[in-house]
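Coordinate analysis (summary)
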Amino acid sequence: MAVYTEVSDEDVRAFVAQYDLGDVVSCKGIAEGVENSNFLLVTGKGPFILTLYEKRVDPADLPFFLGLMDHLAARGLTCPQPVAGTDGVALRSLCGRPAVIVTFLKGMWPRRILADHCAGLGEGLARLHLAGDGFELTRRNALSVAGWRPLFAASRWRADEVKPGLADSLAEELDYLETHWPTDLPAGIIHADLFPDNVFFSDGALSGLIDFYFACNDLFAYDVAICLNAWCFEADGSFNVTKARLLLASYDRVRPLSAAEREALPILARGSAIRFLLTRLYDWLNTPTGAMVKRKDPLEYLHKLRFHQQIRHIADYGLDRS
Ligand SMILES: Nc1ncnc2c1ncn2[C@@H]1O[C@H](COP(=O)(O)OP(=O)(O)O)[C@@H](O)[C@H]1O
Ligand SMILES: N[C@@H](CCOP(=O)(O)O)C(=O)O
């Protein structure tokens, strides 16, 4: 359960009194997520999500995240929308944390990923990339190639506690990625964390996207690579090329991938693997004792990194060159 900050009933009632949402019926910590404290808030006007932003969210980025959700929703993408108080303000403070109430999305994220989910995902991701066009704020991706070295430095001295030799393997991979990382591919707004728990489905069709708190401006194909890693490996570690083919083909139908983007997928997938490996490694070593959160396994992403390191041709992802 991701609840880092406990909120008393009195605090919630006083907070909700600033909105036109009726009385608080209930407010329960949500047993999912790892980044922020989330609560299912039920009021006289129905269910909402109350989020308190925690350590990895820079408060200065919040206008970007909240504005982006409004921008995407206005372009027809189903995603949470910030709710403003009676004073017109959406971003407030609760228990010393920046806090917002957002609308509740119907649907469920898939606990067991089927190939059809990957087809829906590819289309949804491409629609997100198109819908981000015209958003006036920008946010650099702090967790792209320039951010990995400092993140690694914070865990390097303890990395071998997780796996002997891990520090050296990561150092070598970072050298490679920093030298070969592509810069001239199509870019725009990306989600940057579109894992299964952030994609809702209803009756088999994608019904909404949540958790825009890593969204930023970066390469579109990097977002595709993040999804390949998060959706196309099976629990036994094997890569499911059918899922990858469906994801990529359905993406390509909405936003065609250029030849350069296709060629870059293996290195982008390596970068995506090291990005999640490094944040998970940091969290593995630094999660505060007593925090109600299930830590994620960094080594799952070492395995994915190893897979992409031996990819020689994009056909291995089920994709043609052009
Ligand atoms: N707008 C929403 N509508 C419905 N459920 C939501 C919404 N936002 C979050 N949730 C629920 O809360 C969980 C954690 O949210 P998430 O944004 O992924 O947290 P974190 O940023 O801490 O990782 C989600 O898996 C989902 O079950
Ligand atoms: N998706 C990341 C962790 C962030 O969690 P989320 O609940 O915000 O998706 C990972 O798997 O390492």
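Computed from a predicted model, the values in this text were never measured in an experiment. (Residues numbered from 1 in each chain as written. Chains lettered and ligands numbered in written order. Predicted model: local features only at pLDDT ≥ 70, side-chain atom pairs only at ≥ 80, totals over all residues. Heavy atoms only, no water.)

1. Here's the deal with the site of ligand 2
- Every residue near ligand 2 is listed here: G33, V34, E35, D193, F195, D197, N198, D211, F276, R280 and K296.
- D193 is positioned such that a nitrogen or oxygen atom in its side chain is 2.7 Å from a nitrogen atom of ligand 2.
- The fraction of the free accessible surface of ligand 2 (330 Å²) that becomes covered by protein chains is 95%.
- Along the lines of polarity and charge, the residues of the shell around ligand 2 split into 3 nonpolar, 2 polar and 6 charged. (Near = heavy atom within 4 Å. Polar contact = N/O pair within 3.5 Å; in protein donor to acceptor, adjacent residues only side chain to side chain. Areas by Shrake-Rupley, 256 points an atom, 1.4 Å probe, with all protein chains shown as cover. Nonpolar A, V, L, I, M, F, W, Y, C, P; charged D, E, K, R; others polar.)

2. Notes on the packing of aromatic side chains
- The tally for this structure, following the rule as stated, stands at 15 aromatic pairs.
- Stacked on the ring of F276, the Lys or Arg R275 has its end atom at 3.7 Å from the ring centre. (Phe/Tyr/Trp six-rings, centres within 6.5 Å; stacked < 30°, edge-to-face > 60°. Lys NZ or Arg CZ within 6 Å of the ring centre and 35° of its normal.)

3. Things to note about the site of ligand 1
- As a structural note, the neighbourhood of ligand 1 is formed by 18 residues, with E32, N36, N38, T103 and L105 the closest of them.
- At 2.8 Å from a nitrogen atom of ligand 1 is found a main-chain nitrogen or oxygen belonging to L105.
- For ligand 1, an oxygen atom lies 3.0 Å from a polar atom in the side chain of D211.
- Compared with its free state, where it exposes 550 Å², ligand 1 has 93% of that area covered by protein.
- Here the shell around ligand 1 spans two domains, since at least three of its residues come from each of domain 1 (9-103) and domain 2 (115-317). (Domains from an automatic or database assignment.)

4. A word on the sheet that holds strand β3 (residues 46-52)
- What the 5 strands build is an open sheet, ordered β1-β2-β3-β5-β4; its pairing is antiparallel. Of all the strands in the sheet, just β1 (24-29) and β4 (92-94) have a single pairing partner and so form its edges. In this sheet, neighbouring strand axes are inclined to one another by 35° on average, regardless of whether the strands run parallel or antiparallel.
- Note: strand β2 (residues 37-43) against β3, 7 bridges, orientation antiparallel. Of the residues in β3, the one forming a bridge with F39 is L50. (Pairing = 2+ DSSP bridges. Helix = DSSP H or I, 4+ residues; strand = E, 2+ residues; numbered from the N terminus. Axes fitted to C-alpha atoms, helices over the stretch in contact; angles between N-to-C directions.)

5. Re helix α3 (residues 115-131)
- Between the first and last C-alpha of α3 there are 25 Å, a value that for 17 residues agrees with the 24 Å anticipated at 1.5 Å per step.
- Every buried residue belonging to α3 is among H117, C118, A119, L121, G122, G124, L125, A126, L128, H129 and A131, and all of these are buried.
- Elements in contact with the buried residues of α3: α2 (62-74), β6 (187-190), β7 (199-202), β8 (205-209), α6 (220-231) and α7 (241-254). (Expected span 1.5 Å × (residues − 1). Buried < 20%, exposed > 50% of the residue type's maximum accessible area, 1.4 Å probe, protein only. Contact = heavy atoms within 4.5 Å.)

6. Description of the side chain of T5
- By secondary structure assignment, the location of T5 is in the segment before α1 (9-16).
- Here the side chain of T5 touches E54 through a polar contact of 2.7 Å, side chain to side chain.
- Within polar-contact distance, the side chain of T5 engages the side chain of R97 at 3.4 Å.
- Excluding residues within four positions of it along the chain, T5 makes contact with S37, F39, L52, E54, C95 and R97.

7. Focus: the nonpolar core
- In terms of nonpolar packing, the biggest core is built from 90 residues, with W148, W181, F212, W231, L268 and Y317 touching the most fellow members.
- The dominant element in this core, judged by the number of residues it contributes, is helix α8 (residues 259-286), at 12 residues.
- Taken domain by domain, the makeup of this core includes at least three residues from each of domain 1 (9-103) and domain 2 (115-317).
- In this view, W181 contacts S144, V145, W148, L219, Y222, I267, L268 and G271; residues no more than four positions away in its chain are not counted.
- Counting 15 residues, the second largest nonpolar core, distinct from the first, contains F15, V16, L50 and L94. (Core = buried A, V, L, I, M, F, W, Y, C linked by side-chain atoms within 4.5 Å.)

8. Focus: the domain arrangement of the protein chain
- According to the domain assignment, the protein chain contains domain 1 (9-103) and domain 2 (115-317).
- A separation of 26 Å is found between the C-alpha centroids of domain 1 and domain 2.
- Contact with domain 1, which involves 23 residues of that partner, is made by 27 residues of domain 2.
- Where domain 1 abuts domain 2, roughly 2100 Å² becomes buried across the two surfaces, and 72% of that area is made up of carbon and sulfur atoms.
- At the junction of domain 1 with domain 2, the criterion picks out 1 salt bridge. (Buried area = accessible area lost by both parts, 1.4 Å probe. Salt bridge = Lys/Arg side-chain N within 4 Å of Asp/Glu carboxyl O.)

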